[in-house]
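Descriptive analysis of the structure
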Amino acid sequence: MRIPIKILLGCIAGLIVLLITLVLLLQTCWFQNIAVDKATSWLSKKIKATVTLEEVNISFPKSLYLKNFFIADLKGDTLLQVHELTVDINMRSLLSSEAVINSLALKGVTAHLYRTIAESSFNFDFIVNSFSTKDKKTEIVPSNSTPFNLVLGSVKLEQIRVTLSDEVTGIEANGNVGLLAISFNEFNLVKEIVSVDQLTWSDSRVHYRKRKAGSSDTTASSPISWQLEANHIQLTELDLFYSDTATQITLASKITRLEAEPDTIDLANLIFDFRKLQVTQSSFAVAIGGVPAPDVEAAAMPDTVDEGVMVRCDAASLQEFDFRYDNRAVAPAAKGIDYNHLDVKNITAEVSKIFYQGINIKADVHQLKAAEKSGFIVQEAYGKFHMSDKGVGFDSCLLITGKSTIRNSAGISYASLEDITDDIGKLGIYGTMKNATIAISELLYFYPPLADIEYVKSSLDRRLTVDGSFSGTLDNLLFKGLSIKTGATQLIADGRIKGLPDVDKMEFDVSLSKFASTNSELLSLLPDSLLPSSIQ
């Protein structure tokens, strides 16, 4: 019995040595590169395209490293090229239907994807077709099977370049990502949890254009149940562009620096809550309208504003921010602030308690500076801003422009935007002023036709000191305790003005408490046609 035992022990020892030798061989670059050559040769024959891999390094059971991986399309052009792929993975987890990836890093990736009308398929479809079977059998998945899970620790993408050209849908897109690094507190595919500790995106350019109208998707979408969180987001040196010919919307943004600290990101209920948001030396532009392409039908705009998205922010800061808005269906105005073609530069603002949902906006503005292309300048402003589908207002505010200073509160109201579009005279106006200084020349920014009124022309260089309150509509405005002073002239009155904005139909019903002036100033203020002959 001793001989069989020795033989058995020898066999076991031999198997152990063979296993150790095999594991050691698997760790060597020589053996791994031989395996790589065999694998790439087989894959090239399988998909009938060039596949190369310069180097692979697998350290069981922990890491995987690939260098210079390349796949060509059927025309011999670059489909995918990866300079470096580094994965820190717990390979033992694969045995329990789970991939636990501690870190994943991609560097130097180039991908070119395209589809032509003539070929009607993407240039990567041949890979999928090479592995598809002719006779497809329905695979029965056991009801008690464990779903495959993906757990991520961190992802780092560097020097990523992707292009997409799809003639069928009219989509043209290209992206150059310098750096995108994400570290997760938790990323769990099965639990549908993405908790980001730090997201950094920098030195990148992403442009997307859609030149054709696509058919609408009537398929009911599944409710979004993912739980998203993020502690800190940092974006630097980004160039982002979006254009859709069907909806005639163009968006463009250049971000020098943006930092955000989200509190809640609820995709299911479309709630986005931020503790802090800081934007520095950046710009945002939006353009709408225009003449659609001959083969494109303009998408119908919704009759009502979607109030689903809710945005809140405890504190926001803008430094040297530029904003531009263009309605390409409307010709630019020659003078004044053109609300269809706004161009506001060097916006500096400190704002808190921000709320946005649909057309409802609220914010406490602590500081605001800006300059519009018309020449209108806001040197300093603060106050409580509110806007709804019924009006816009500023309370407890201060506004200092290039030549004017306005204190206290003011606002406008309307039954609907359509009503005041049809009849601006129905625009509701309210406000109180305390020791406000208004430069007449600055009123031309808001209503340029004032310059054509005879008795305004001679007073364009004057400033009015105004106290009092006013309320009503533009065509029926009531004022109380109104005090207007310019130079040696002062007027204190209660009353009503009717007929605006049509100055030819303007009527005054005024009760004067005080009116004082000088002969020379009246002559300079009023045209001859309004002066009685008794005044010399």
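Everything numeric in this text was worked out from a predicted model, so none of it was measured.

If you tally the helices and strands in the protein, you get 7 helices and 23 strands. Residues classed as buried in the protein amount to 32% of the 536 residues present. Restricting the contact set of the protein to residue pairs at least 6 apart, pairs at least 24 apart contribute 56%. A total accessible area of about 32,300 Å² is found for the protein, and carbon and sulfur atoms account for 59% of it.

Now for the nonpolar core. Counting residues in each nonpolar core, the largest one holds 45 residues, and the members touching the most others are Phe184, Val196, Leu199 and Leu235. Take this core: its biggest share by element is 5 residues, from strand β3 (residues 78–90). Excluding residues within four positions of it along the chain, Phe184 makes contact with Leu152, Gly153, Ser154, Val155, Val194, Ser195, Val196 and Asp197. Core analysis: the next-biggest nonpolar cluster, separate from the first, contains 17 residues, Ile440, Val466, Phe470 and Ile497 among them.

So, about the confidence of the model for the protein. A residue-level look at the protein finds 82% of positions with pLDDT of 70 or above and a mean pLDDT of 83. Per-element confidence in the protein ranges from a low mean pLDDT of 50 for helix α1 (residues 2–27) to a high of 96 for strand β6 (residues 154–166). For residues 17–22, every residue scores under 50 in pLDDT, and the model assigns this stretch 0 contacts once sequence neighbours within four places are set aside. Here residues 292–305 is a poorly scored stretch, pLDDT under 50, and it has 15 contacts once near neighbours within four places are set aside; other chains count.

Position of Ser204 relative to the elements: it lies in strand β8 (residues 193–210). Of the polar contacts made by the side chain of Ser204, one reaches the side chain of Trp201; its length is 2.9 Å. Dropping the residues within four chain positions of it, Ser204 is found in contact with Asn176, Val177, Gly178, Leu179, Glu237, Leu238 and Asp239.

Our focus in this paragraph is unusual backbone geometry. Positive phi, normally seen in glycine, also occurs at Glu320, with a value near 55°. Mapped onto the elements of the fold, Glu320 is located in strand β13 (residues 310–327). Take Glu320: its relative accessible area is 42%, and that puts it in the partly exposed class.

Let us now look at the pairing of strand β22 (residues 489–498). Judged from the 9 bridges that link them, strand β21 (residues 476–486) and β22 form a sheet pairing that is antiparallel. Note that in β22 the partner of Ser483 across the bridge is Ile492. Count of turn residues in the β21/β22 antiparallel hairpin: 2 residues, of which Gly487 carries a positive phi of about 60°. When β22 meets strand β23 (residues 507–516), the two strands line up antiparallel, connected through 9 bridges. Considered in β23, the bridge of Ile492 is made with Lys514.

Let us now look at the pattern of salt bridges. Scanning the entire structure with this criterion turns up 14 salt bridges. Each member of the salt-bridge network shares a partner with another, and the members are Glu261, Asp263, Arg275 and Lys276.

Relative to the helices and strands, Gln319 resides in strand β13. Taking the relative accessible area as the measure of exposure, Gln319 reaches 29% and is therefore partly exposed. Separated by 50 residues in the primary sequence, Gln319 and Lys369 place their C-alpha atoms 9.5 Å from one another. Contacts of Gln319, omitting those with residues within four sequence positions, involve Val279, Thr280, Gln281, Ile347, Thr348 and Glu350.

The next point concerns the environment of Ala516. Following the sequence through the fold, Ala516 ends up in strand β23. Along the chain, Ala516 and Thr489 lie 27 residues apart, while their C-alpha atoms are 5.4 Å from each other. Beyond its immediate chain neighbours, meaning those up to four positions away, Ala516 contacts Ala488, Thr489 and Gln490.

A cluster of nonpolar side chains, namely Phe508, Val510, Leu512 and Phe515, defines an oily patch on the protein surface of about 400 Å² accessible area. Structurally, Val510 is set in strand β23. The exposure class of Val510 is partly exposed, given its relative accessible area of 38%.

Negative charge collects at one region of the surface, where Glu418, Asp419, Asp422 and Asp423 lie side by side. Structurally, Asp423 is set in the loop between α4 (417–422) and β19 (428–439).

Here we take up the side chain of Asn123. You can see Asn123 is positioned in the loop between β4 (98–115) and α3 (125–131). Look at Asn123 and you get buried, because its relative accessible area is 7%.

Let us look at the packing of aromatic side chains. Remark: the centre distance and the inter-plane angle together describe each pair of aromatic rings, the angle taken between the planes. Summed over all chains, the structure comprises 8 aromatic pairs. Seen in terms of ring centroids, Phe385 and Phe394 are 5.3 Å apart; in terms of plane orientation they differ by 55°. Their pairing is tilted. Look at Phe385 and you get buried, because its relative accessible area is 19%. Joined through ring pairs, the aromatic side chains of Phe184, Phe187 and Trp226 make up one cluster.

The rules we used
Residues numbered from 1 in each chain as written. Predicted model: local features only at pLDDT ≥ 70, side-chain atom pairs only at ≥ 80, totals over all residues. Heavy atoms only, no water. Helix = DSSP H or I, 4+ residues; strand = E, 2+ residues; numbered from the N terminus. Buried < 20%, exposed > 50% of the residue type's maximum accessible area, 1.4 Å probe, protein only. Contact = heavy atoms within 4.5 Å. Areas by Shrake-Rupley, 256 points an atom, 1.4 Å probe, with all protein chains shown as cover. Core = buried A, V, L, I, M, F, W, Y, C linked by side-chain atoms within 4.5 Å. pLDDT = per-residue confidence, 0-100. Polar contact = N/O pair within 3.5 Å; in protein donor to acceptor, adjacent residues only side chain to side chain. Pairing = 2+ DSSP bridges. Salt bridge = Lys/Arg side-chain N within 4 Å of Asp/Glu carboxyl O. Patch = residues over 30% accessible without salt bridge, like charges linked within 9 Å, V, L, I, M, F, W, Y side chains within 5 Å. Lys, Arg positive; Asp, Glu negative; His and termini not counted. Charge placed at Lys NZ, Arg CZ, Asp CG, Glu CD. Phe/Tyr/Trp six-rings, centres within 6.5 Å; stacked < 30°, edge-to-face > 60°.

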